[in-house]
Amino acid sequence: MSLSTTLKEELKKIFGDKVAFDIPLNQYTSVRVGGPADCLIWPENEEEVTQIVTWIKDKKLPHFVLGKGSNTLVKDNGFRGIVINLTKGFRNFKLEKENGHTVWVKAQGGVPTQQFVRWCADEGFTGTERLAGVPGTIGGNVYMNAGTHLGEIGELVEEAKICDSKGKIQTWNKQDLQFEYRSSNIPYTSVVLETLLKLQKGERQKIEETIKEVFEKRGLAQPVELPNLGSVFKNPPKKKAWELVEEAGCRGVRVGKARISEKHANFIINEGGAKAKDILILIGMVKDKVKEATGITLETEIKIIGE
Ligand SMILES: Cc1cc2nc3c(=O)[nH]c(=O)nc-3n(C[C@H](O)[C@H](O)[C@H](O)COP(=O)(O)OP(=O)(O)OC[C@H]3O[C@@H](n4cnc5c(N)ncnc54)[C@H](O)[C@@H]3O)c2cc1C
């Protein structure tokens, strides 16, 4: 059921133009797919995050946090509840402290990853090259433990400031946080407000060269010119998901306007007007075929939300 007029009015009164209703989420996901969310809200400071999360809890409504939607598939009928997005506020980052060759850098949850990677390179801080070309936000990166062959963000995280589903803000340190391949122990309903990363001072030229190499590699390997979701499946232990998809004969397979990329078989591209339904059918089909051909059950990396 959608939000009642009374609840909408209440939210409007508290958050003014930081709240919008019945917003199609295809504008907010990299694959350009997804039905409307009842409500999208852009808090600009920690108090507002606490306020909205507490309000959501009081009203017993569902919610989730959307970053840049670069690993999220929203279903065609959208999401009944509140979507919290940090990309309008929460865009600051700064050098927090330094000691010899080590620097500690703070970045808020809504910071676009590539803006942050560029800043680190310009400052001569090494470590974030591992995120070169990874779309999304710092909050999304931490939640997902984003990374590349060079490493994962979790290896750099010293602290994360998190608002839990009761609206309580706490700083989790290294010991509290557990990162695994493309996942963390941060609960789904929590909001990553800020993180503290430990980096090193490095040689600018070397940092630039590494970033350039990563971008070149990605451009050659990934269908970045078309809307997509990034890697759809996690790599099973000691295997590459794209190789399994290929082995199962699924490269290039199409359902509606969604297609397994010819360039990278772990990517599903939107050829224009794809529906979430098409993508979900493709995912199911690939999983079945891979299981049949190799005996391996693929697990999705992408987050699927809505109805
Ligand atoms: C072309 C392309 C290439 C990609 N390459 C890579 C790659 O090399 N390596 C890699 O790891 N990933 C890659 N991805 C996937 C994606 O970029 C990462 O998973 C990224 O971390 C997602 O960030 P986001 O802000 O877009 O998150 P979203 O897609 O918006 O959300 C993903 C999940 O994170 C949660 N989340 C988002 N923000 C927050 C927050 N502030 N607090 C709490 N939870 C939050 C959401 O609830 C959701 O569960 C790629 C995607 C694309 C489209």
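Residues numbered from 1 in each chain as written. Predicted model: local features only at pLDDT ≥ 70, side-chain atom pairs only at ≥ 80, totals over all residues. Heavy atoms only, no water.

Participant: Explain the overall build of the chain to me, and be specific about the residues and the numbers.
Facilitator: Regarding its fold elements, the chain presents seven helices and 20 strands. The C-alpha radius of gyration computed for the chain amounts to 20 Å, which stays within 12% of the reference 19 Å derived for 307 residues, consistent with globular compactness. Taking the principal axes of its C-alpha atoms as reference, the chain extends roughly 55 × 55 × 30 Å. Across the 307 residues that make up the chain, the buried fraction comes to 50%. Intrachain contacts of the chain at a sequence separation of at least 6 include 65% that bridge at least 24 residues. A total of about 14400 Å² of accessible surface is found on the chain, and carbon and sulfur atoms cover 48% of it. Taking the average place of the 45 positive charges on the side chains of the chain and the average place of its 41 negative ones, the gap between the two points comes to 2 Å. (Helix = DSSP H or I, 4+ residues; strand = E, 2+ residues; numbered from the N terminus. Rg over C-alpha atoms; globule rule 2.2 N^0.38 Å. Buried < 20%, exposed > 50% of the residue type's maximum accessible area, 1.4 Å probe, protein only. Contact = heavy atoms within 4.5 Å. Areas by Shrake-Rupley, 256 points an atom, 1.4 Å probe, with all protein chains shown as cover. Lys, Arg positive; Asp, Glu negative; His and termini not counted. Charge placed at Lys NZ, Arg CZ, Asp CG, Glu CD.)

Participant: Pulling in residues and values, what's your account of the domain arrangement of the chain?
Facilitator: Looking at the chain, the domain boundaries give domain 1 (5-85), domain 2 (93-208) and domain 3 (224-305). On the domain 3 side, the residues contacting the 13 residues of domain 1 number 18 residues. Between domain 1 and domain 3 the total buried area reaches about 1300 Å² when both faces are included, carbon and sulfur atoms providing 62% of it. When the buried area of domain 1 at its contact with domain 3 is split by residue, Val31, Asn71 and Leu73 rank highest and sum to 49% of it. On the surface where domain 1 and domain 3 come into contact, there are zero salt bridges. If you look at where domain 1 meets domain 3, you find ten residue pairs in polar contact (both at pLDDT 80 or more). The leading source of residues in the side of domain 1 that touches domain 3 is strand E4 (residues 72-74), at three residues. Of the residues that constitute the side of domain 1 that touches domain 3, the class distribution is six nonpolar, four polar and three charged. (Domains from an automatic or database assignment. Buried area = accessible area lost by both parts, 1.4 Å probe. Salt bridge = Lys/Arg side-chain N within 4 Å of Asp/Glu carboxyl O. Polar contact = N/O pair within 3.5 Å; in protein donor to acceptor, adjacent residues only side chain to side chain. Nonpolar A, V, L, I, M, F, W, Y, C, P; charged D, E, K, R; others polar.)

Participant: With reference to specific residues and values, describe the packing of aromatic side chains.
Facilitator: Using the criterion set out here, one finds six aromatic pairs in the structure. An angle of 50° between the planes, with centres 6.3 Å apart, marks the rings of Tyr28 and Trp42 as tilted. Of this pair, Tyr28 sits in the loop between strand E1 (19-24) and strand E2 (36-41) while Trp42 is found in the loop between E2 and helix H2 (46-59), placing the two residues 14 residues apart along the sequence. Assessed through its relative accessible area of 6%, Trp42 is described here as buried. Seen from their ring centres, Phe93 and Trp119 are 5.1 Å apart, and the 55° between their planes marks the pair as tilted. Taken together, the residues Phe93 in strand E6 (residues 93-99) and Trp119 in helix H3 (residues 113-123) connect sequence positions 26 residues apart. These aromatic residues form a ring-pair network of at least three members: Phe93, Phe116, Trp119 and Phe125. Above the face of the Trp42 ring, Lys88 is positioned so that its terminal group lies 3.9 Å from the ring centre. (Phe/Tyr/Trp six-rings, centres within 6.5 Å; stacked < 30°, edge-to-face > 60°. Lys NZ or Arg CZ within 6 Å of the ring centre and 35° of its normal.)

Participant: Lay out the pairing of E2 with the relevant residues and their values.
Facilitator: Counting buried residues along E2, five of its six residues qualify, which places the element largely inside the surrounding structure. Bridge analysis of E2 against strand E5 (residues 79-85) gives four bridges, and the strand direction is parallel. The partner of Leu40 across the bridge, within E5, is Val83. (Pairing = 2+ DSSP bridges.)

Participant: Report on the site of the ligand, specifying residues and quantitative values.
Facilitator: Near the ligand, the surroundings consist of 34 residues, among which Val65, Gly67, Ser70, Thr137 and Gly147 are the closest. Within the contact set of the ligand, an oxygen atom lies 2.6 Å away from a side-chain nitrogen or oxygen of Ser70. Between Gly147 and the ligand, the recorded distance is 2.6 Å, taken from a backbone N or O atom to a nitrogen atom. Burial of the ligand by the protein chains amounts to 96% of its free accessible area of 960 Å². Residue contributions to the shell around the ligand peak at five residues, all from helix H4 (residues 138-144). Of the residues in the shell around the ligand, the class split is 13 nonpolar, 17 polar and four charged. (Near = heavy atom within 4 Å.)

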